[in-house]
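Below, each chain spelled out in residue letters.
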Amino acid sequence: TVMKNISGLKNMEKQLEEVLGVSKVVIVSGDSDQYATVKNEMGLACVKEIERALGADNIIAVTGGSTLAAAAEMMHPLRRTHQDLLFVSARGGLGEKVENQANTICAKMAEKAEGRYHLLHVPDQLSDDSYHSLMEEPSIHRVMQHVHHATIIVHGIGDAKTMAIRRHSGEDFLKRVDTEHAVAEAFGYFFDQTGRVIHKVQTIGLQWEDLFGARSVIAVAGGKSKAEAIQAYFKKGPDSVLITDEGAAQQILKNF
Ligand code: G3H
């Protein structure tokens, strides 16, 4: 039955690639909504994909979230064959638990991978004035140059409502999530079912355009509860490697 399960997953991977229009899908068995260990399996699959994407010079931009935290947990030394390995935070400090922040995850990944890292020491949500003056800070400008020239981008995808609540968004925005039917969130952007951006956090960090210039983009998101979010994100999303789980995959295929 193990062999049967594996061929079942391979089959689902092919179907998902077609349905979502991405060049590669990796599905780990189980549903991370139900079992926390499934997140670690996605994390491990993510590490393998990072390894596959490495070249001579590497700038790896990482976002936050509990799924990326699992990827950092599963990281191992990558230094043996690859020369330069620089990890950069793609997001500043959010209203998230410290273990879910991009900076924490970035530093941990780099340490375990035996690479270097640059963190983004800015609050994530900024007023116009602060945004412009912080962008002129040489140290911040330097990190942002790395983010914009990332060769590999690794990010999570979340359910819009869950993320808005988790990041303590105000009443107004929570209402907008409902009225504008936001279903997905990734790197501070909120998307509706058609993949249209309905809101973006004014942030010093990864921008939508950056996703289209990177050598490879790896999205990691699973759990039945994220099926709709994953589907919506890829409507207009960049070509990516998607790492997900059986829970999300089954639900997405059912929706079709
Ligand atoms: O941007 C997406 C969220 O960071 C996903 O967070 O991995 O904890 O579900 P999560």
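Keep in mind it's a predicted model, so treat the numbers as computed, not measured. (Residues numbered from 1 in each chain as written. Predicted model: local features only at pLDDT ≥ 70, side-chain atom pairs only at ≥ 80, totals over all residues. Heavy atoms only, no water.)

S.K.: Would you take a moment to explain the overall build of the chain for this structure?
M.R.: In terms of helices and strands, the chain carries ten helices and eleven strands. Computed over the C-alpha atoms, the radius of gyration of the chain is 17 Å, within 12% of the 18 Å expected from 2.2 N^0.38 for a compact globule of 256 residues. Each of the three principal axes of the chain carries a C-alpha extent, and together these read 60 × 50 × 30 Å. Among the 256 residues that make up the chain, the fraction classed as buried is 54%. A total accessible area of about 11900 Å² is found for the chain, and carbon and sulfur atoms account for 52% of it. Averaging the coordinates of the 28 positive side-chain charges in the chain and doing the same for the 33 negative ones gives two points 4 Å apart. (Helix = DSSP H or I, 4+ residues; strand = E, 2+ residues; numbered from the N terminus. Rg over C-alpha atoms; globule rule 2.2 N^0.38 Å. Buried < 20%, exposed > 50% of the residue type's maximum accessible area, 1.4 Å probe, protein only. Areas by Shrake-Rupley, 256 points an atom, 1.4 Å probe, with all protein chains shown as cover. Lys, Arg positive; Asp, Glu negative; His and termini not counted. Charge placed at Lys NZ, Arg CZ, Asp CG, Glu CD.)

S.K.: What should I look at first to understand the site of the ligand in this one?
M.R.: Looking at the ligand, there are 13 residues lining it, with Ser-66, Thr-67, Arg-166, Glu-185 and Lys-226 nearest. Between the ligand and Arg-166, the relevant distance is 2.9 Å, taken from an oxygen atom to a side-chain nitrogen or oxygen of the residue. For the ligand, an oxygen atom lies 2.6 Å from a polar atom in the side chain of Glu-185. In isolation the ligand offers 300 Å² of accessible surface; the protein chains occlude 95% of this area. (Near = heavy atom within 4 Å. Polar contact = N/O pair within 3.5 Å; in protein donor to acceptor, adjacent residues only side chain to side chain.)

S.K.: Sorry, what's going on with the sheet that holds strand E8 (residues 189–192) here?
M.R.: Within a sheet, adjacent strands bond to each other through the backbone by hydrogen bonds, running parallel or antiparallel. Reading across the sheet, the four strands line up as E6-E7-E8-E9 and stay open at both edges, with antiparallel pairing between neighbours. Of all the strands in the sheet, just strand E6 (158–159) and strand E9 (197–200) have a single pairing partner and so form its edges. Across two bridges, E6 lies against strand E7 (residues 182–186) in antiparallel orientation. The partner of Gly-158 across the bridge, within E7, is Glu-185. Strands in contact with helix H9 (residues 227–236) are E6, E7 and E8; relative to E7, the strand with the most contacts, it is inclined by about 75°. (Pairing = 2+ DSSP bridges. Contact = heavy atoms within 4.5 Å. Axes fitted to C-alpha atoms, helices over the stretch in contact; angles between N-to-C directions.)

S.K.: Honestly, the sheet that holds strand E4 (residues 116–118) in this entry has me stumped. Any pointers?
M.R.: Read across the sheet, seven strands follow the order E1-E11-E10-E5-E2-E3-E4 without closing on themselves; strand pairing throughout is parallel. Of all strands in the sheet, those bounded by a partner on one side alone are strand E1 (24–28) and E4. Pairs of neighbouring strands in the sheet enclose a mean axial angle of 20°, with direction left out of account. As paired elements, strand E5 (residues 152–156) and strand E10 (residues 216–220) share five bridges and run parallel to each other. Bridge pairing in E10 links Ile-153 to Val-217.

S.K.: Sorry if this is basic, but what is going on with the environment of Leu-211 here?
M.R.: Of note, Leu-211 is situated in the loop between E9 and E10. C-alpha of Leu-211 to C-alpha of Pro-238: the two residues are 27 residues apart in sequence and 6.5 Å apart in space. Other than its neighbours up to four places away in sequence, Leu-211 contacts Ile-153, His-155, Phe-187, Leu-206, Val-217, Tyr-233 and Pro-238.

S.K.: Help me understand the pattern of salt bridges, please; the structure alone is not making it clear to me.
M.R.: Working definition: two side chains of opposite charge can pair if their charged atoms are close together. Applying the stated criterion across every chain yields a total of 14 salt bridges. Notably, a salt bridge pairs Glu-96 with Arg-167, separated by 2.9 Å at the nearest N-O pair. Separated by 71 residues along the polypeptide, Glu-96 in the loop between strand E3 (84–89) and helix H4 (102–113) and Arg-167 in the loop between helix H7 (160–166) and helix H8 (171–179) bring together distant segments of the chain. Here Glu-96 matches Arg-167 in class, with each residue buried. Measuring nitrogen to oxygen at the nearest pair gives 3.1 Å for the salt bridge that ties Lys-161 to Asp-178. Here Asp-178 lies in helix H8 and Lys-161 lies in helix H7, a separation of 17 residues in the sequence. A cluster of three or more residues bridged by salt bridges with shared partners is formed by Glu-96, Arg-166, Arg-167 and Glu-185. (Salt bridge = Lys/Arg side-chain N within 4 Å of Asp/Glu carboxyl O.)

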